[in-house]
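Coordinates in review
The chain contents come next:
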Amino acid sequence: MADRRTYNVVILGLGFLFIFTAFTTCGNVEQTIVKSLDNSTFTGSGYHSLGIIYGVFSFSNLIAPTAVKVIGAKVSMFLSGLLYSGYIAVFIIPSTWSFYLTSVLIGIGAALLWTAQGEFLIENSEASTINRNTGMFWALLQCSMLFGNLYIYLDWNGETDISESSRRNIFLFLLVASVLGTLSFLVLRKSHNEEEMLSEEEGQSLLSARTMYKSRANRALQDAKSEFKTILQLLKTKTILLLSPCMAYSGLELAFYSGVYGTCIGATTHFGEAAKGLIGISGIVVGVGEIVGGLLSSRKASSREARIESVPSDASGGGLFGLLCKNSRFRRTSVVFLGMVVHFIASYLIFLNIPGDAPIVLETTTQLSPYLNPSVSIALLCSFLLGLGDSCFNTQLYSILGHVYAEESMPAFAIFKFIQSVSAAVAFFYSGYLMLMWQLLLMVILGFTGTLCFFVVERMQDVFVDPQEY
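Residues numbered from 1 in each chain as written. Predicted model: local features only at pLDDT ≥ 70, side-chain atom pairs only at ≥ 80, totals over all residues. Heavy atoms only, no water.

Moving on, we get to the confidence of the model for the chain. Looking at the chain as a whole, its pLDDT mean stands at 82, while 83% of the residues score no less than 70. Here helix H13 (residues 319-324) is the element of the chain with the lowest mean pLDDT, 38, and helix H4 (residues 73-90) is the one with the highest, 94. Of the regions scoring below 50 in pLDDT, residues 302-330 engages in 29 contacts with residues more than four places distant in sequence or in other chains. Segment residues 465-470 is flagged for pLDDT under 50; beyond a separation of four residues in sequence, or across chains, it makes 12 contacts in the model. (pLDDT = per-residue confidence, 0-100. Helix = DSSP H or I, 4+ residues; strand = E, 2+ residues; numbered from the N terminus. Contact = heavy atoms within 4.5 Å.)

This part takes up the packing of aromatic side chains. Under the definition given, this model contains 24 aromatic pairs. Seen in terms of ring centroids, Phe 59 and Phe 418 are 5.3 Å apart; in terms of plane orientation they differ by 85 degrees. Their pairing is edge-to-face. With Phe 59 in helix H2 (residues 46-60) and Phe 418 in helix H16 (residues 409-431), the pair connects residues that are 359 residues apart, well separated along the chain. Given the relative accessible area of 27%, Phe 418 is considered partly exposed. It is Lys 417 that lies over the ring of Phe 416; its NZ or CZ is 5.8 Å from the centre. (Phe/Tyr/Trp six-rings, centres within 6.5 Å; stacked < 30°, edge-to-face > 60°. Buried < 20%, exposed > 50% of the residue type's maximum accessible area, 1.4 Å probe, protein only. Lys NZ or Arg CZ within 6 Å of the ring centre and 35° of its normal.)

The next thing to look at is the environment of Tyr 153. Inspection of the secondary structure puts Tyr 153 in helix H7 (residues 144-156). The spatial distance from the C-alpha of Tyr 153 to the C-alpha of Lys 276 is 7.6 Å, given a sequence separation of 123 residues. Ignoring sequence-local partners within four residues, the contact set of Tyr 153 consists of Gly 277, Gly 280 and Ile 281.

The next point concerns the pattern of salt bridges. Oppositely charged side chains may form a pair once their charged atoms are brought near each other. Considering all chains together, one arrives at 1 salt bridge under this definition. Here Arg 168 ties to Glu 164 by a salt bridge, and the two come within 2.8 Å at their closest N and O atoms. Within this pair, Arg 168 and its partner Glu 164 are both found in helix H8 (residues 164-184), separated by 4 residues, close to a single helical turn. In this structure Arg 168 comes out as partly exposed when scored by relative accessible area, which is 34%. (Salt bridge = Lys/Arg side-chain N within 4 Å of Asp/Glu carboxyl O.)

Right, dumping it as structure tokens:
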């Protein structure tokens, strides 16, 4: 049984690794690809496409749990993988209508995919293995930012224009990766709980398949109604209201590092022939920042648990977070504060290093000059800081929601993803119109506000014993 569950978790992680190697790479370069198209009939925008994806994703999350419970996690992930593959395939022979249609479909598919992933991971875990299994899955997922972006660097380095053959080769590679990830879901084995449920249903010989699916749908609908009521109740709580700015900020910076910043680097004239290849390197460095941030955050969590259990060995190390966490007043706030600081540093350096018209330039290169002579080293440092800060904010938002709403974690996480996705969608839509400095200013203001609100919620943790009181 343990071997089967471990097998499922590894295959699940590999499936997501392949699919998101394709999707994250696509998101990183698609505005650059769209601008380079020599096609007078194509009028799409990469920013608008990503905005549609996140907008549809945010609302599809409301119905995804019901659909997954009816058709099953494995089938849901396979169908979602097909939608992801369809979106990638559009870039091989692009057309405006298919570009935007698949943007809507992949938004729906993303909601099904992530809902099914969570359910499948829980089904294949126990209390003693959930942390290990989650770590295995996320380690594989984070690697998705490395391989596709490495291909982009190797193929685009030294190129000033993206040729049609280069574009097709890249997206054929990404399509193969996405299809492999989708097919991997077919070799997932049934969990013990699923086998028990199927045996129970098969034992009811008087029930037809149609009746069984109808019964599942009715149960799922009742669960969805109950969860929706819980979501509405949680939206009125002081904790969710205070955390909303921080959640919204995580959406803005998600849009910036995953779709806008790479486009800015690729459009910077001062980088010359290296500009397009740097998009891939930037994506890789963002991924490294995410991984480092996750490791630091997990180390901080381990230090806090060790302190609570009065384990003396905590004093032996832990670096920055080990030092911060020795004082009991420093908890999640230490990580969020670090995330805010590194993001502010990154924003200031980007403001100085990248031309102001980089995100909105109609041609493939910028016309304005930044305050500093653009430096590749500074640009990549900012990529690392963006990934590090993103990991700091997201891990601690999940942590505080899981702590405060331990009995209602799923509705709380659904609210988080909804606010984050709506914010990301809005950010993608304005990214093609606002100069870089205004986009950075918006992120700084909301980031500062969100961090202060996060501190208030942490302070409330020290004052109130019962989390439902706030």
